Amino acid sequence: MQTFLHGRDMIGDLDFSKEEVETVLDVAFDLKRKRALNEPHAYLRDKVLAMLFFFSSTRTRGSFEAGMAQLGGHGAFIESKSTQISHGDTPKEIGEIFGRYYDGIAIRHVDWGIGNGYLNAVAKASRVPVLNMQCDIYHPFQCLADLMTIVEKKGRDLRRKKMVVSWAYAASYQKPMSVPQSLILQMPRFGMDVVLAHPPEFRLMPDIMEQAREQARKFGAGFEVTDDMEAAFKDADIVYAKSWGAMVHTQDTEEGARIIKKYPHWITDERKMALAKPDAIYMHPLPADRNIEVTDGVMDGPQSVVYDEAENRMHAQKAVMALVMG
Ligand code: CP
């Protein structure tokens, strides 16, 4: 068990070693048990986390803010538009100055080609940990909650479990590709055989794909890519199907929106779920476009674990915050 994580950033999924992620899981399960028993666990008394948002959120804001309060501290919600960032405060100012007020700086910045660079620039100037509440490349806290949920449903030994990470149709907006990228980086480290399914235009970033292949090789897991959603679902233990944008293929948002419209049949419905194993679980980070991306029948059905997954955001984040900010 690797326990000395004080002061560490979590920006990318591979920032923590597999052993360190195991520690996060152990602490997260302990904190979940403590909350269930109403046992106090104020490991961050008087500590304050800055939560800087450049993009909207339901779960991330709620779970970080509630988590900080439960740890005895406070989460300060800051919308970028209410700051002086548009009037000249650079990432250096944010890192230097917030690093002197706060005990941690959490940031959500999903703008394509900008978000991850922004987080790293803040981290370079900050004396306190920087936590990635989602950028254009990674969504590491979502991925930790997903891993925790899979362990709860499938057990700690996940070797040879088949996990499908699939693109799904959604017309609302071009969603970031950070969730599938985090999943393909992290899950092979736990022995899951990952099958990534998407139409050709929705490929992920080439260097992330290479890193995912490397993790799969290192940890003896499978990693395949297909453009056939139904073939991917066959005999899956875990189905994780969500939409993302065609940003690697084109940065023209109108063209991206036109491409999405070619694939309305990439919906997760009861017929496709029946191709997976009978005890397969359905996962989605939410928000989902109901009856477009996934049917109500699947989302509200017996195989769906989406609300446990959302709850686990809070436990996983509390674990990391207690470890790095304590
Ligand atoms: N899954 C997730 O990050 O949800 P929010 O966008 O609501 O924070």
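Residues numbered from 1 in each chain as written. Predicted model: local features only at pLDDT ≥ 70, side-chain atom pairs only at ≥ 80, totals over all residues. Heavy atoms only, no water.

## Some words on the site of the ligand
Okay, step 1: Every residue near the ligand is listed here: Ser57, Thr58, Arg59, Thr60, Arg108, His139, Gln142, Pro285, Leu286 and Arg313.
Okay, step 2: Here an oxygen atom of the ligand sits 2.9 Å away from a polar atom, N or O, in the side chain of Arg108.
Okay, step 3: The separation between an oxygen atom of the ligand and a polar side-chain atom of His139 is 2.9 Å.
Okay, step 4: Here the shell around the ligand is built from residues that sort into two nonpolar, five polar and three charged.
Okay, step 5: When residues of the shell around the ligand are assigned to domains, at least three map to each of domain 1 (13-139 + 313-325) and domain 2 (140-309). (Near = heavy atom within 4 Å. Polar contact = N/O pair within 3.5 Å; in protein donor to acceptor, adjacent residues only side chain to side chain. Nonpolar A, V, L, I, M, F, W, Y, C, P; charged D, E, K, R; others polar. Domains from an automatic or database assignment.)

## Quick word on the sheet that holds strand E4 (residues 130-135)
Okay, step 1: As summarised here, the arrangement of the four strands in space is E2-E1-E3-E4, forming an open sheet in which the pairing is parallel. Pairing within the sheet leaves two strands with one partner each, and these edge strands are strand E2 (74-79) and E4. Ignoring which end each strand starts from, the neighbouring axes of this sheet average 15 degrees apart.
Okay, step 2: Here six bridges tie strand E1 (residues 48-53) to E2, and the two strands are oriented parallel to one another. Paired with Leu52 across the bridge in E2 is Ile78.
Okay, step 3: Its contacts with the sheet place helix H2 (residues 59-70) against E1, E2, strand E3 (104-109) and E4, and it is angled at close to 170 degrees to E1. (Pairing = 2+ DSSP bridges. Helix = DSSP H or I, 4+ residues; strand = E, 2+ residues; numbered from the N terminus. Axes fitted to C-alpha atoms, helices over the stretch in contact; angles between N-to-C directions. Contact = heavy atoms within 4.5 Å.)

## Side note on helix H12 (residues 306-325)
Okay, step 1: For H12, which comprises 20 residues, the first-to-last C-alpha distance of 28 Å matches the rise-based estimate of 28 Å (1.5 Å per residue) to within 8%.
Okay, step 2: Of all the bends in H12, the greatest measures close to 25 degrees and is centred on Asn312.
Okay, step 3: With 16 of 20 residues buried, H12 lies mostly within the body of the structure. (Expected span 1.5 Å × (residues − 1). Bend = angle between axes of the 7 residues up to and from the residue. Buried < 20%, exposed > 50% of the residue type's maximum accessible area, 1.4 Å probe, protein only.)

## Remarks on the sheet that holds strand E8 (residues 238-242)
Okay, step 1: Taken in spatial order, the five strands line up as E7-E6-E5-E8-E9 in an open sheet, and their pairing is parallel. Both outer strands of the open sheet, strand E7 (223-226) and strand E9 (281-283), are each paired with one neighbouring strand and no more. Going across the sheet, the axis of each strand differs from the next one's by a mean of 20 degrees, ignoring polarity.
Okay, step 2: Examined bridge by bridge, strand E6 (residues 193-197) and E7 share four bridges and lie parallel to one another. Each residue of the ladder has a partner; that of Val194, found in E7, is Phe223.
Okay, step 3: Helix H7 (residues 206-219) rests against E6 and E7 of the sheet, and its axis sits at about 140 degrees to E7.

## Concerning the domain arrangement of the chain
By a frequent convention, interface size equals the accessible area lost on bringing the separate parts together.
Okay, step 1: The domains assigned to the chain are domain 1 (13-139 + 313-325) and domain 2 (140-309).
Okay, step 2: Inter-centroid distance (C-alpha atoms) of domain 1 to domain 2 is 24 Å.
Okay, step 3: Between domain 1 and domain 2, the contact holds 31 residues from the first and 34 residues from the second.
Okay, step 4: Both faces considered, domain 1 and domain 2 share a buried interface measuring about 3000 Å² in area, 67% of it formed by carbon and sulfur atoms.
Okay, step 5: When the area that domain 1 buries against domain 2 is broken down by residue, the three leading residues are Leu14, Trp112 and His139, summing to 24%.
Okay, step 6: Notably, a salt bridge pairs Lys32 with Glu152, separated by 2.6 Å at the nearest N-O pair.
Okay, step 7: Linking domain 1 to domain 2 there are 17 residue pairs in polar contact (both at pLDDT 80 or more). (Buried area = accessible area lost by both parts, 1.4 Å probe. Salt bridge = Lys/Arg side-chain N within 4 Å of Asp/Glu carboxyl O.)

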